[in-house]
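# Chain and residue survey
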Amino acid sequence: MASLPILCFPDPKLHTVAKPVQAVDARIQTLIANMLQTMYEAKGIGLAATQVDVHERLIVIDVSEERDQPLVLINPQTLWTSTETHLNEEGCLSVPGVYDGVQRFDAVTVSALNGEGQSHVIEADGLLAVCIQHEMDHLMGKVFVEYLSPLKRSRIKKKMLKALREEER
């Protein structure tokens, strides 16, 4: 397994719409293992392939306290969303150090393939529902800061670009 570099906002590659995974083969299983390692090392709870510059519809998630219940979603599709929504404080591995409120559905049902290529349906609420929606946005080329006001987004972009310049020194 290898840790993968995570793209940081405002990298334009984060706006790439992911294509469906064609086959759950050894390449995809290696990518899953590497993405899980990357997510755990970065202390995240979710990671979309888009964030590691692989533009295929693949998400890894682990919202468990023990960090030992990985969930793999390949080619996820939303089947149902609750009518109720809630403002949730979100952060993102591609926007380190930034947290803000995003309105999300309270519960969702999604279908996807697992890491072995078997179809399954996940009914989620709470943190898992928020995480699934956040990561599925990445697959559509959307970063959570796009839900924020243009002023906040502009400030975050400036902050991220400044951090990138300092890192390059």
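I will try to describe carefully the structure that is included in this document. Small disclaimer: the values here were computed from a predicted structure and weren't measured.

The next thing to look at is the layout of surface pockets. Considering only enclosed or pocket space, the largest pocket measures out at about 370 Å³ in volume. Along the wall of the largest pocket there are 22 residues; nearest its centre are Ile45, Glu90, Gly91, Cys92 and Leu93. Looking at the lining of the largest pocket, the elements that each hand over two or more residues are strand 4 (85-92), strand 5 (95-105) and helix 2 (126-139). In terms of residues, the lining of the largest pocket owes the most to one element, helix 2, which gives six residues. Considered class by class, the residues forming the lining of the largest pocket number 10 nonpolar, eight polar and four charged. Taken as a whole, the second largest pocket spans an internal volume of roughly 210 Å³. Surrounding the second largest pocket, Cys8, Phe9, Pro10, Asp11, Pro96, Met160, Leu161, Ala163, Leu164 and Glu167 form its lining. Classifying every residue of the lining of the second largest pocket gives eight nonpolar, no polar and two charged.

In this structure, Ser82 sits in the loop between strand 3 (71-81) and strand 4. What makes Ser82 buried here is its relative accessible area of 4%. There is a polar contact of 2.9 Å between the side chain of Ser82 and the backbone oxygen of Glu84. Ignoring sequence-local partners within four residues, the contact set of Ser82 consists of Phe105, Asp106 and Ala107.

Here the focus is the pattern of salt bridges. In total, this model carries five salt bridges according to the counting rule given. Residue Lys13 pairs with Asp53 through a salt bridge whose shortest N-O separation is 3.5 Å. Pair noted here: Lys13 is in the segment before helix 1 (26-41) and Asp53 is in the loop between strand 1 (46-48) and strand 2 (58-61), with a separation of 40 residues, a long-range link. Accessibility expressed as a relative area gives 35% for Asp53, which makes it partly exposed. Between Glu90 and Arg104 there is a salt bridge whose closest N-O contact spans 2.7 Å. Of the two residues, Glu90 sits in strand 4 while Arg104 sits in strand 5, which places them 14 residues apart along the sequence. Of the two residues, Glu90 and Arg104, both sit in the buried class.

Direction of pairing for strand 4 relative to strand 5: antiparallel, over a ladder of seven bridges. Within the sheet, the bridge partner assigned to Glu89 lies in strand 5 and is Gly101. Linking strand 4 to strand 5, which pair antiparallel, is a turn of two residues.

We now examine the nonpolar core. Residues Ile59, Ile61, Leu73, Ile122, Ala124 and Ile132 are the most contacted members of the largest nonpolar core, which totals 16 residues. Where this core is concerned, the elements lending two or more residues are strand 2, strand 3, strand 6 (107-113), strand 7 (119-125) and helix 2. In terms of residue count, helix 2 provides more of this core than any other element does, five residues in total. Contacts of Leu73, omitting those with residues within four sequence positions, involve Arg57, Leu58, Ile59, Ile61, Ala112, Leu113, His120, Ile122 and Ile132. In terms of nonpolar packing, the next biggest core, distinct from the first, is built from 15 residues, Val21, Leu36, Val54 and Leu58 among them.

So, how was this worked out
Within any chain, residue numbers begin from 1 and follow the written order of that chain's sequence. With pLDDT at 70 or above as the cut-off, local features in this predicted model cover only qualifying residues; side-chain atom pairs require 80 or more to be listed or tallied, and sums for whole chains, interfaces and linings still use all residues. Calculated side-chain values reflect all of the structure's heavy atoms, with hydrogen atoms and water omitted. Site definitions follow a grid-based scheme: protein atoms alone, a 1 Å grid, a 1.4 Å probe that fits but cannot get out for cavities, and for pockets an open set with protein on both sides within 12 Å along at least five of seven lines, plus lining residues having an atom within 4 Å of a point. Grid points are joined across faces, edges and corners, and a volume is the space filled by probe spheres set on the points. Helix and strand assignments follow DSSP, with helices taken as H or I runs no shorter than four residues and strands as E runs no shorter than two, numbered in order from the N terminus. All amino acids are sorted into three groups, where Ala, Val, Leu, Ile, Met, Phe, Trp, Tyr, Cys and Pro are nonpolar, Asp, Glu, Lys and Arg are charged, and the leftover types, Gly among them, are polar. Relative accessibility thresholds used throughout: buried, under 20% of the residue-type maximum; exposed, over 50%; partly exposed, between the two (1.4 Å probe, protein chains only). Distance and chemistry together define a polar contact, namely a pair of N or O atoms within 3.5 Å, with one atom able to donate a hydrogen and the other to accept it when in protein, and with adjacent residues in sequence counting only for side-chain atoms on both sides. Two residues form a contact once any of their heavy atoms are found within 4.5 Å. For this analysis, a salt bridge means a side-chain nitrogen from Lys or Arg found within 4 Å of a carboxyl oxygen belonging to Asp or Glu. Any two strands are treated as partners once DSSP identifies two or more bridges connecting them. In this text, buried Ala, Val, Leu, Ile, Met, Phe, Trp, Tyr and Cys residues form a nonpolar core when linked through side-chain atoms within 4.5 Å.

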